[in-house]
Amino acid sequence: MAKMDFAGVLEEVVTREEFPLSRAQEVLKDEVVAVLGYGVQGPAQALNMRDNGIKVIVGVTPGGRSWNKALQDGWVPGETLFSMEEAAERGTIVQYLVSDAAQKLTWERIRPCLKEGDALYFSHGFAVVYRDQTGVVPPPYVDVILVAPKGSGTSVRANFLAGSGINSSFAVEQDYTGRARERTLAVGIAIGSGYLFETTFQHEVYSDLTGERGVLMGALAGIMEAQYQTLRAHGHTPSEAFNETVEELTQSLIRLVAQNGMDWMYANCSTTAQRGALDWRHEFRDATLPVFERLYQSVASGAETRRVLEANSQPDYKEKLEAELREMRESEMWRAGALVRSLRPENWQK
Ligand SMILES: NC(=O)C1=CN([C@@H]2O[C@H](COP(=O)(O)OP(=O)(O)OC[C@H]3O[C@@H](n4cnc5c(N)ncnc54)[C@H](O)[C@@H]3O)[C@@H](O)[C@H]2O)C=CC1
Ligand SMILES: CC(=O)[C@](C)(O)C(=O)O
Ligand SMILES: [Mg+2]
Ligand SMILES: [Mg+2]
């Protein structure tokens with residue numbers, strides 16, 4: 001583990017120098033990794049491990065959308081593709097990658113399939129930390145481990161294929177075998193993680209639920225809509241409002257932030273922009289700080305978990321989510337955005 005000084009706080013980070021793929025392959029050589037669930041993370045982690053020479057099988061409900069997706073990806077029924085229960089029985093590391101709500105719904109079927117010395121693996125601390133709501137209480141005779149990619153499964157796979165990766169956090173909740181940490185790090189590397197940051201199940205789920213409702217998804221969409229609506233209310237065209245709210249951010253400025261930090265992005269904008277942005281950032285921060293505190297308390301209290309379990313346990317949860325995403329996609333802002341995206345200079349040659 002490399003000790004790194006994050007602005008005065010020493011943290012442990014696992015690097016590829018310390019844990020190369022060859023070591024992960026050695027640690028996992030006698031393991032069978034059963035990936036239960038084939039939605040977003042399931043395919044990415046399963047395919048990356050398969051490409052890395054790990055023995056992987058997939059477990060999904062036969063005949064559904066995920067089963068067909070697994071067939072298309074080359075998983076073979078009866079050889080590498082099974083029902084969830086059979087895959088869990090065959091696996092020695094069981095990756096619980098059905099949706100978080102489905103982990104509650106399917107736990108009574110999966111728990112009996114776990115054998116002494118298995119590892120029960122999560123990519124989110126949700127089911128275990130909120131066990132009072134999910135009922136997911138791992139048996140005492142297994143390792144309970146977590147590797148949480150800090151990105152969409154779509155990026156986990158795409159970055160892997162591009163020769164890069166996505167960093168992940170990792171945690172050990174229960175170490176029955178005495179090898180839980182080594183198994184965790186080995187799977188973390190095998191699924192294509194770059195660097196691995198140590199956390200706990202609780203810190204992972206509290207930060208992740210906050211982040212996805214906040215800056216990464218909820219707050220992001222909300223402030224974009226607010227600015228777009230304000231510009232349109234004052235007579236700006238849809239293209240001008242969208243360009244000024246989304247397109248310039250994604251095609252230019254956020255990439256500068258990714259390259260070298262926020263100040264670097266500011267420094268590469270006009271001094272007019274710098275002055276104004278430095279003046280207004282505090283107001284936006286102060287206006288949203290109470291909202292973030294309320295959000296964090298809603299996460300920590302379990303209220304967000306109750307909401308997720310209540311909504312995503314409904315038989316038609318997918319249809320409802322897809323209907324709300326369709327409403328977003330068909331809003332003026334995002335219809336204008338679709339046309340703006342098609343007018344990107346990179347499309348000139350097409
Ligand atoms: N989506 C992502 O990129 C990330 C997801 N995670 C975590 O990874 C885990 C899996 O997440 P996703 O792949 O997004 O899940 P998802 O919501 O896409 O669902 C994954 C699978 O669950 C199955 N499923 C849903 N309801 C079921 C039921 N009642 N019975 C059996 N199977 C059912 C679906 O068929 C699908 O194969 C979750 O714990 C999530 O929090 C962590 C990091 C990022
Ligand atoms: C992609 C990711 O890290 C999220 C937003 O936490 C999730 O999909 O749950
Ligand atoms: Mg996340
Ligand atoms: Mg999440």
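- As recorded by an unreviewed UniProt entry, the chain carries the name Ketol-acid reductoisomerase and is attributed to Anaerolinea thermophila.
- According to the UniProt record, the Sequence similarities (unreviewed entry) comment for the chain reads "Belongs to the ketol-acid reductoisomerase family."
- Per UniProt, the chain has the following entry under Cofactor (unreviewed entry): "Mg(2+)".

### With respect to the confidence of the model for the chain
In step 1: Here the chain averages 97 in pLDDT, while 100% of its residues score no lower than 70.
In step 2: Confidence estimates for the predicted assembly give a pTM of 0.97 and an ipTM of 0.97.

### Quick notes on the side chain of Q41
In step 1: Its place among the elements puts Q41 in helix 2 (residues 41–51).
In step 2: Reaching out from Q41, the side chain makes a polar contact with the backbone oxygen of G151 at a distance of 3.4 Å.
In step 3: Residues contacting Q41, with those up to four places away along its chain left out, are L97, P149, G151, S152, G153 and V156.

### Comments concerning the layout of surface pockets
In step 1: Estimated volume of the second largest pocket: approximately 2000 Å³.
In step 2: For the second largest pocket, the lining is made up of 39 residues, of which I223, Q227, L249, M262 and F284 are closest to its centre.
In step 3: Elements with a contribution of two residues or more to the lining of the second largest pocket: helix 11 (218–233), helix 12 (238–260), helix 13 (262–267) and helix 14 (271–300).
In step 4: Ranked by the residues each element gives to the lining of the second largest pocket, the list is headed by helix 14, at 14 residues.
In step 5: For the lining of the second largest pocket, the residue count by class is 24 nonpolar, seven polar and eight charged.

How each quantity is defined
- Note that residues are indexed from 1 along each chain, following the sequence as it is written.
- Throughout, the order in which chains and ligands are written sets their labels, letters from A for the former and numbers from 1 for the latter.
- pLDDT decides what is reported in this predicted model: residues at 70 or higher carry local features, side-chain atom pairs at 80 or more are listed and counted, and totals for whole chains, interfaces and linings draw on all residues regardless.
- The side-chain quantities take in all heavy atoms of the structure and omit both hydrogens and water.
- UniProt positions are given in the numbering used here, feature names are shortened, and annotations may be inferred rather than shown by experiment.
- pLDDT expresses, on a scale from 0 to 100, how confident the predictor is about each individual residue.
- Secondary structure elements are defined from DSSP: runs of H or I of at least 4 residues count as helices, runs of E of at least 2 residues count as strands, and each element is numbered from the N terminus.
- Here a polar contact is taken to be a pair of N or O atoms separated by no more than 3.5 Å, where protein atoms must pair a possible hydrogen donor with a possible acceptor and residues adjacent in sequence count only if both atoms sit in side chains.
- Here, residues are in contact when the closest pair of their heavy atoms is within 4.5 Å.
- Buried and open spaces are told apart on a 1 Å grid over the protein atoms alone, a cavity being a set of points where a 1.4 Å probe fits but cannot get out and a pocket being an open set with protein on both sides within 12 Å along at least five of seven lines. Residues with an atom within 4 Å of a point are the lining residues.
- Grid points are joined across faces, edges and corners, and a volume is the space filled by probe spheres set on the points.
- Polar here means any residue other than Ala, Val, Leu, Ile, Met, Phe, Trp, Tyr, Cys and Pro, which are nonpolar, and Asp, Glu, Lys and Arg, which are charged; Gly is therefore polar.

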